[in-house]
There are 2 protein chains.
Amino acid sequence: MKSLIGILVAVGFGWAARAAEPLSSWNDTAPKQALISFVQRVTRQGSPDFVPAPERIAVFDNDGTLWAEQPLYTQFQFVLDRVRSLAPQHPDWKTNEPFASVLNGDIKSAAALGVKGMLEITEATHSGMTTEQFSKTVADWIATARHPRTGKPYTEMVYQPMLELLSYFRANGFKTFIVSGGGVEFMRPWTEKVYGVPPEQVIGSRGKLKFEFLDGKPVLMKLPELDFLDDRDGKAIGIQNHIGQRPLAAFGNSDGDLQMLQWTAAGNGPRLLLLVHHDDAGREWAYDRQSQIGRLDKAWDEAIAKKWIVLSMKEDWKTVFPK
Amino acid sequence: MKSLIGILVAVGFGWAARAAEPLSSWNDTAPKQALISFVQRVTRQGSPDFVPAPERIAVFDNDGTLWAEQPLYTQFQFVLDRVRSLAPQHPDWKTNEPFASVLNGDIKSAAALGVKGMLEITEATHSGMTTEQFSKTVADWIATARHPRTGKPYTEMVYQPMLELLSYFRANGFKTFIVSGGGVEFMRPWTEKVYGVPPEQVIGSRGKLKFEFLDGKPVLMKLPELDFLDDRDGKAIGIQNHIGQRPLAAFGNSDGDLQMLQWTAAGNGPRLLLLVHHDDAGREWAYDRQSQIGRLDKAWDEAIAKKWIVLSMKEDWKTVFPK
């Protein structure tokens, strides 16, 4: 009985995977062919490159890889809105930088703060509350906030071809993880609904937490102190600490993803490494070596040298955003 | 076609789950009844307590909950063996405590070191190598080391009823996680084989890692510095950081598990909390309020006050170890 069921289940999954053409928003160019060829190599029983399902791990950067990151990281748009909402409780922000620039609407100065300034504002606005309160604040914000250029909800600023890629990998037995420099508590309230990635498969930066009792109930208070920065070296470390297996495939778009791709590439057997190159000013944005957000410079050079896939958003994607 | 497959798959899983009687090594006493009743409540479609599968999270302490922890935590037996193996490279250990006691075979003194002393020796023996080298060292050790009293491999010192419980939860759509004070890098090389828990579902203590290049290849070096202690408050924090969802069920055996059970219990809807009480000197060990290893004191009081399940190893388990 069990083996009959096993066959039915296996055949069932086979049918389901073949039912819809995979990656239909991808042009039939080299990246799509390489993705399909890679998945076939590691999933075909009897293939010399076959990898058992529990070891099929694929990791995806978020900002600029799964959704747009221009003109500012979405989480930083959230931070700016939080500064405005919380300002009445912090009169000193009117005169203290970097808060003053934000309150004066000087977003260019805010954008020029770099990681250090962003971290300072992020810590100030992401602490002094429980994880549950923060999660609700994020959920409320993401349900109503709109992208400054397109006027669309941020959750519609995701890349349709990458949604298809996530599904395609999962349909082939992969576990898909997000490995983002963004905050893990900022992503988890919506990643399952938007990407199909459950909270336990989201790795990100995080602040310190403190276990304490509030009105007799245990809570985790968010402290204004960075615990882990999941960027650059941190992405390889975050993967090891959280997943404990080396990914088979890694997807990024910027220098912050380089170590994640290096770490993935160094495994034995077939690996797939892909960088999204934002070269589509018409449908999205065009930026790379000079950009303050999502700079792609060293990782691009290494991708060329190592023959990793560099995807051209303009050439390789039929559509960019969901319709 | 898809819905037919869905039905076949659903029926298939139903058959498979019913095929073997669950929890056959459990006596038909209150804990077994409570476990089955809880799983039925949260998994039955239409039940007011129904919980969708992606939210079915169960967390298990390891030492003293899934396997034996007497007369010393297994990882500490490994540490002692490492001290002996590495001693020729560290001549100072002959005179420096706590290493000297270990090298003199004074295990009682070593056992009395407490968490601080154990951490010091652990950090010294778990660093200065890559994560891959460490993983291989653990795998080699666990394949050959023998428990000092029973002479059995440590991986046979696991509790048969808990193996069945892990399977039973998984067969009912739960994701099972280990949340242990032990080192995550010490557990992952064998937890999938022994417990069916994949590396990414193991949460534990860990040392700091450094990303660097060795012979042109990226590696993660283990540093002699604690990064995270997954014990007491740390268990609730570790669950939040790693899983990002509150568990439905939590299993422990000592005061180090109290905050994990409190955090789990504080969720809305049905929750199951269980402590293993080691009261079986004949088949295993008997220890609780006075034990240096796995002390069960405050958590026991709270379990009684809150009506959590306190399992008697002697009364509630037909067998303790696999046959």
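Residues numbered from 1 in each chain as written. Chains lettered and ligands numbered in written order. Predicted model: local features only at pLDDT ≥ 70, side-chain atom pairs only at ≥ 80, totals over all residues. Heavy atoms only, no water.

Student: Hey, could you run me through helix α12 (residues 298–306) of chain B in this one?
Tutor: Since the α-helix advances by 3.6 residues per turn, residues separated by three or four positions end up pointing in the same direction. Residues and elements named next belong to chain B. The complete set of buried residues in α12 reads Ala299, Trp300, Glu302 and Ala303. All buried residues of α12 fall inside an arc of 165° around its axis, so they share one side. Exposed side chains of α12 directed beyond 90 degrees from the buried face belong to Lys298, Ile304 and Ala305. Tucked into the core, α12 has its buried residues touching α11 (258–265), β6 (272–279) and β8 (309–312). Positive phi shows up at Lys307, right after α12, with a value of about 60°. (Buried < 20%, exposed > 50% of the residue type's maximum accessible area, 1.4 Å probe, protein only. Helix = DSSP H or I, 4+ residues; strand = E, 2+ residues; numbered from the N terminus. Arc of directions from axis to C-beta. Contact = heavy atoms within 4.5 Å.)

Student: Which parts of the structure should I look at to understand the confidence of the model for chain A?
Tutor: Detail in the predicted coordinates should be disregarded across regions flagged by low pLDDT. Residue and element names in this part refer to chain A. Summing up the model confidence of chain A, the mean pLDDT is 92 and the portion of residues at 70 or higher is 93%. Across residues 1–19, where pLDDT falls below 50, the model places 10 contacts with residues more than four positions away in sequence or in other chains. Scoring of the predicted complex yields 0.93 for pTM and 0.92 for ipTM. (pLDDT = per-residue confidence, 0-100.)

Student: What is the right way to look at the packing of helix α3 (residues 74–86) of chain A against helix α7 (residues 131–144) of chain A in this model?
Tutor: For any two helices packed against each other, one specifies the inter-axial angle together with the distance between the axes. Residue and element names in this part refer to chain A. Packing of α3 against α7 brings their axes to within 11 Å, and their N-to-C directions diverge by 105°. Classified by the interaxial angle, the pair formed by α3 and α7 is roughly perpendicular. In this structure, α3 contributes Thr74, Gln77, Phe78, Asp81 and Arg82 to the contact, and α7 contributes Phe134, Thr137, Val138 and Trp141. In terms of residue class, the contact of α3 with α7 is built from 4 nonpolar, 3 polar and 2 charged. (Axes fitted to C-alpha atoms, helices over the stretch in contact; angles between N-to-C directions. Parallel < 35°, antiparallel > 145°, perpendicular 65-115°, else oblique. Nonpolar A, V, L, I, M, F, W, Y, C, P; charged D, E, K, R; others polar.)

Student: Please explain the relation of the copies chain B and chain A as it appears in this structure.
Tutor: Rotating chain B by 180° and translating it 0.0 Å along the rotation axis places it on chain A, where the RMSD comes to 0.0 Å. Here the symmetry operator amounts to a two-fold rotation axis. Most of the interface of chain B is mirrored in chain A, where 98% of its interface residues again form contacts. (Least-squares fit on C-alpha atoms with pLDDT ≥ 70 in both.)

Student: Where do I start with the interface of chain B and chain A in this structure?
Tutor: Accessible area lost on assembly of the parts is the figure often given for the size of an interface. Taken together, the contact between chain B and chain A spans 43 residues of the former and 43 residues of the latter. When residues of chain B are sorted by the area they lose upon contact with chain A, B:Glu200, B:Phe211 and B:Asn241 head the list and together hold 17% of the total. At the boundary of chain B with chain A, the tally comes to 4 salt bridges. A:Glu132 is paired through a salt bridge with B:Arg246; the nearest N and O atoms lie 3.1 Å apart. Across the contact surface, chain B and chain A share 19 residue pairs in polar contact (both at pLDDT 80 or more). Where the side of chain B that touches chain A is concerned, the elements lending two or more residues are α1 (2–19), α7 (131–144), β2 (175–183), α9 (184–195), β3 (202–214), β4 (217–228), α10 (233–242) and α11 of chain B. Tallied by class, the residues present in the side of chain B that touches chain A amount to 21 nonpolar, 10 polar and 12 charged. (Buried area = accessible area lost by both parts, 1.4 Å probe. Salt bridge = Lys/Arg side-chain N within 4 Å of Asp/Glu carboxyl O. Polar contact = N/O pair within 3.5 Å; in protein donor to acceptor, adjacent residues only side chain to side chain.)

Student: How should I be thinking about the packing of α7(B) against α9(B) in this particular structure?
Tutor: Residue and element names in this part refer to chain B. Axis separation between α7 and α9 bottoms out at 9 Å; the angle between their running directions is 60°. Compared by their axis directions, α7 and α9 come out oblique. α7 and α9 meet at a crossing whose hand is right-handed. Residues Thr131, Phe134, Ser135, Val138, Ala139, Trp141 and Ile142 of α7 form the contact with α9, whose own contacting residues are Glu185, Phe186, Pro189 and Trp190. The residue makeup of the contact of α7 with α9, split by class, is 8 nonpolar, 2 polar and 1 charged. (Left-handed = near helix turned anticlockwise from the far one by under 90°.)

Student: Teacher, can you tell me more about the sheet that holds strand β7 (residues 309–312) of chain A here?
Tutor: Each strand in a sheet pairs with its neighbour through backbone hydrogen bonds, running either in the same direction (parallel) or in the opposite one (antiparallel). Residues and elements named next belong to chain A. Read across the open sheet, the 7 strands follow the order β4-β3-β2-β1-β5-β6-β7; overall the sheet is mixed. The outermost strands of the open sheet, each flanked by one partner alone, are β4 (217–228) and β7. Pairwise comparison of adjacent strand axes, ignoring direction, gives a mean angle of 30° for this sheet. In this sheet, strand β3 (residues 202–214) lies alongside strand β2 (residues 175–183) in parallel orientation, the contact comprising 3 bridges. Opposite Gly183, over in β3, you have Ser205 as the bridge partner. Helix-sheet contacts for helix α10 (residues 233–242) involve β1 (57–60), β2, β3 and β4, and the interaxial angle to β2 is about 135°. (Pairing = 2+ DSSP bridges.)

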